[in-house]
Every structure is written in C-alpha cells, then in structure tokens.
Amino acid sequence: YDPADLSQQVFGGDEEGDEADDDEEDDGTPRLPVSHQIALAAHSKTVSCLALDRGGGRLISGSSDHDLYMWDFAGMTKELRPFRHLEEPLGAYELRSLSYSPDGTAVLVVGSNNQPVIIDRDGSKLGTLMKGDMYIRDMRVTKGHVAACTCSCWHV
C-alpha cells in the first residue's frame, strides 16, 4: 500500500447518489481514505489515552475502566483482538496518559495517582516511580510527585 498512489485508496461515502455528490461538490480536495480503518473494541468504558510506537506497528490503549490493552497490527487476525490485556496496571486509578520511550522498548503509564509506572513493550512491569511526601513544607526536599499526574513524556 502506497498512500501517495490515489488509485489504491477507497473513499467513503453513501452508496446511493455518489455520482450526484461528486458532480455537486467537486472542489478537487481528496476526501479521507477509509480503506484502512478498523474498529478496535475491547474497553468497557471511555478510552482516555492512546500511544502508537514510532514504527506504527503497535498501539496501546488505556481507559476509564482502569485497563490497558496492547495491539499488534502485524500479528492481528480477523478477530481484531489485542495481544495483551493488563488489568488495572495502576490499581483502581483511571489511566490518563501513555507514552512510548524514544527507542520504543518501554512505555510510561500515568493514571490519576502520583506514581507512574514503566512497562516494557510486552506488558511486563519494569518499575514504579517514587511517591513524594506531600506533608513536607519545602517541595524541593521531596522526591517524586505529591499530586496526581496528568500527562507523561520521556526526557530525551
């Protein structure tokens, strides 16, 4: 599949009246291709974060149901099932942010708590970041987060 070759793309639209719509609204701008889209259904609540690795072969989704699903597009079958399901990687906290490391070997998982978790690309837990002491008056003395995290990013 070559995205630059427009002859390979199938464009969405209603089945009846495609010719009439093309004649009326032919402004020369291409519509979105829908030939390579799928619906990944696994979560029971709203998906709150997604992360796609640099190669585009793996996707991780987290949601309000506290679960994390890992999808591998190269090894996916017709059933469109994830290859790994991690139940509550942060306990009973909602997942807020996911971030692949620059080399793609680890994922930073952030929830509505103050302890982000690092997992490898296959779902094994590598570590948990420190929890800060929220009762210290001078925050420069404590190590770690003292309040809930909202976003994740790798320092390069």
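Everything discussed here concerns the structure shown above.
Residues numbered from 1 in each chain as written. Predicted model: local features only at pLDDT ≥ 70, side-chain atom pairs only at ≥ 80, totals over all residues. Heavy atoms only, no water.

### Considerations on the overall build of the chain
Check the secondary structure of the chain and you find one helix and eight strands. When the helices and strands of the chain are read in sequence order from the N terminus, they spell out α-β-β-β-β-β-β-β-β. For the chain, the share of sequence-separated contacts (at least 6 apart) that also reach a separation of at least 24 residues comes to 39%. When the accessible area of the chain is evaluated, it comes to approximately 10500 Å², of which 51% is carbon and sulfur surface. (Helix = DSSP H or I, 4+ residues; strand = E, 2+ residues; numbered from the N terminus. Contact = heavy atoms within 4.5 Å. Areas by Shrake-Rupley, 256 points an atom, 1.4 Å probe, with all protein chains shown as cover.)

### Regarding the side chain of Asp65
Looking at where Asp65 falls in the secondary structure, it is placed in the loop between strand 2 (58-63) and strand 3 (68-72). Among buried charged residues, Asp65 stands out as having no salt bridge; its nearest opposite-charge side chain is Lys45, 7.8 Å away. In this structure the side chain of Asp65 is engaged in a polar contact, spanning 3.4 Å, whose partner is the side chain of His43. Leave out the neighbours within four places in its chain, and Asp65 touches His43, Ser44 and Lys45. (Buried < 20%, exposed > 50% of the residue type's maximum accessible area, 1.4 Å probe, protein only. Lys, Arg positive; Asp, Glu negative; His and termini not counted. Salt bridge = Lys/Arg side-chain N within 4 Å of Asp/Glu carboxyl O. Polar contact = N/O pair within 3.5 Å; in protein donor to acceptor, adjacent residues only side chain to side chain.)

### A closer look at the sheet that holds strand 7 (residues 117-120)
With antiparallel pairing, four strands are arranged side by side in an open sheet as 5-6-7-8. Looking at strand neighbours, the two that pair on one side only are strand 5 (95-100) and strand 8 (125-128), the edges of this open sheet. Taking each pair of neighbouring strands and ignoring which way they run, the sheet shows an average axis angle of 20 degrees. As paired strands, strand 7 and strand 8 are joined by three bridges and run antiparallel to one another. The partner of Val117 across the bridge, within strand 8, is Thr128. (Pairing = 2+ DSSP bridges. Axes fitted to C-alpha atoms, helices over the stretch in contact; angles between N-to-C directions.)

### Structural notes on the pattern of salt bridges
Across all of its chains, the model carries one salt bridge by this definition. We note a salt bridge from Asp122 to Arg58, for which the minimum N-O separation is 3.1 Å. Here the residue Asp122 occupies a position in the loop between strand 7 and strand 8, and Arg58 occupies one in strand 2, the gap between them amounting to 64 residues.

### Things to note about the nonpolar core
Judged by nonpolar contacts, the single largest core of 14 residues is most densely connected at Ile60, Leu68, Leu95, Leu98, Val107, Val109 and Ile119. Sorting the residues of this core by element identifies strand 1 (47-52), strand 3, strand 5, strand 6 (106-111) and strand 7 as the ones contributing at least two each. Of all the elements, strand 5 adds the most residues to this core, at three residues. Those residues in contact with Leu95 that lie beyond four places of it in its chain are Ser48, Cys49, Gly62, Ser63, His66, Asp67, Leu68, Pro89, Leu90, Val109, Val110 and Gly111. (Core = buried A, V, L, I, M, F, W, Y, C linked by side-chain atoms within 4.5 Å.)

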